[in-house]
Amino acid sequence: MGAICYHSRFRLKDRNLRHKEVIAAFQGESNPVIAVTTQVCEMSLDLDADVLISETAPVTSMIQRMGRCNRHAQYGSEKLGEVYFYSPEDDLPYKPEELAGAVEFVDSLAGCEVKQVDLDVLLERLGPAIFEPERYAAFLDDGPWASTRELRDAVEFTVTSILSNDISEYFELKKLKAPVDRLYLPVPRRFARRHPRLGSFPLVADFGHYIPEFGFFEKPRPKIPGGCNDQPLPENE
């Protein structure tokens, strides 16, 4: 059984690969696979999983996630998907009012076979009671990566950066007038710094915190045994 990690803190070129990898894995019929994802899975991936395990979240988000389980079920089929919700350690990144009705929603579904009409009824009863006006969403409105404003990622703001070992490639692409967004990576602001040749955009993040298959880590990744302290693990791209 394989496992795939998919979230927002990848370089665009690596995220494209992870996206295709996840889609291809869940379209296969033979080998089982586990995808460990963040909220990016709610709307951006057309997955059809047999089992969904998720933290509790706003009612609308939980329904959206449930739509990734047994997604392509045929009418009259006896195949059922399995959904498991558990309580996280804290409510972040959600506000208390956004989680209103979440516990009752889960309790109402526990041990039951659920149809879309059941979810519609519960959404009407337990969903958000206050209309939320359309807001600027950097991740959607600015394309694959937000480039002109900060993007809220869980509990802190992220900024558009490139990895320190991609600086030469960045300038080479600029010289060729080729797209550079393939190198962009959203990282928490505290891990980004200005570079004298780049100015305020994009910022630079330490490549020692990054692995193409798993994305950006808040702690430095392990070094090659016996190697120099600044020697990175090999990148298989």
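Residues numbered from 1 in each chain as written. Predicted model: local features only at pLDDT ≥ 70, side-chain atom pairs only at ≥ 80, totals over all residues. Heavy atoms only, no water.

Visitor: A description of the overall build of the chain should follow, citing residues and the corresponding values.
Guide: For the chain, the helix and strand inventory stands at 7 helices and 11 strands. For the chain, the share of sequence-separated contacts (at least 6 apart) that also reach a separation of at least 24 residues comes to 59%. Summing over all exposed atoms, the chain offers an accessible surface of approximately 15,200 Å²; the carbon and sulfur share of this is 54%. (Helix = DSSP H or I, 4+ residues; strand = E, 2+ residues; numbered from the N terminus. Contact = heavy atoms within 4.5 Å. Areas by Shrake-Rupley, 256 points an atom, 1.4 Å probe, with all protein chains shown as cover.)

Visitor: Account for the nonpolar core, naming residues and giving values.
Guide: A general tendency of soluble globular proteins is for nonpolar side chains to be buried together. In this structure, M62, M66, F105, L109 and L119 are the most contacted members of the largest nonpolar core, which totals 17 residues. Among the nonpolar cores identified, the runner-up in size contains 12 residues, and F191, A192, L203 and A205 belong to it. (Core = buried A, V, L, I, M, F, W, Y, C linked by side-chain atoms within 4.5 Å. Buried < 20%, exposed > 50% of the residue type's maximum accessible area, 1.4 Å probe, protein only.)

Visitor: Hey, could you go over the packing of helix α3 (residues 59-66) against helix α5 (residues 116-126) for me, with residue numbers and the actual values?
Guide: Closest axis-to-axis distance for the α3/α5 pair is 10 Å, and the angle between their directions is 165 degrees. Judged on the interaxial angle alone, α5 and α3 are roughly antiparallel. Viewed along their axes, α3 and α5 form a crossing whose handedness is left-handed. Contacts from V59, T60, I63 and M66 in α3 reach L119, L123 and L126 in α5. Classifying every residue of the contact of α3 with α5 gives 6 nonpolar, 1 polar and no charged. (Axes fitted to C-alpha atoms, helices over the stretch in contact; angles between N-to-C directions. Parallel < 35°, antiparallel > 145°, perpendicular 65-115°, else oblique. Left-handed = near helix turned anticlockwise from the far one by under 90°. Nonpolar A, V, L, I, M, F, W, Y, C, P; charged D, E, K, R; others polar.)

Visitor: So, the packing of aromatic side chains: which residues are in play, and what are the values?
Guide: Each aromatic ring pair is specified by the distance between its two centres and by the angle formed by the two planes. Counted according to the given criterion, the structure contains 3 aromatic pairs. In this arrangement the basic side chain of R197 is found over the ring face of F171, its NZ or CZ atom lying 3.9 Å from the centre. (Phe/Tyr/Trp six-rings, centres within 6.5 Å; stacked < 30°, edge-to-face > 60°. Lys NZ or Arg CZ within 6 Å of the ring centre and 35° of its normal.)

Visitor: Which residues make up a negative patch on the surface, and what values go with them?
Guide: Judged by side-chain charge, E55, E89, D90 and D91 come together as a negatively charged surface patch. Its location among the elements puts D90 in the loop between β4 (82-86) and α4 (102-109). Under the relative-accessibility criterion, D90 is labelled partly exposed at 41%. (Patch = residues over 30% accessible without salt bridge, like charges linked within 9 Å, V, L, I, M, F, W, Y side chains within 5 Å. Salt bridge = Lys/Arg side-chain N within 4 Å of Asp/Glu carboxyl O. Lys, Arg positive; Asp, Glu negative; His and termini not counted. Charge placed at Lys NZ, Arg CZ, Asp CG, Glu CD.)

Limitation: the analysis is restricted to geometry and does not speak to function.
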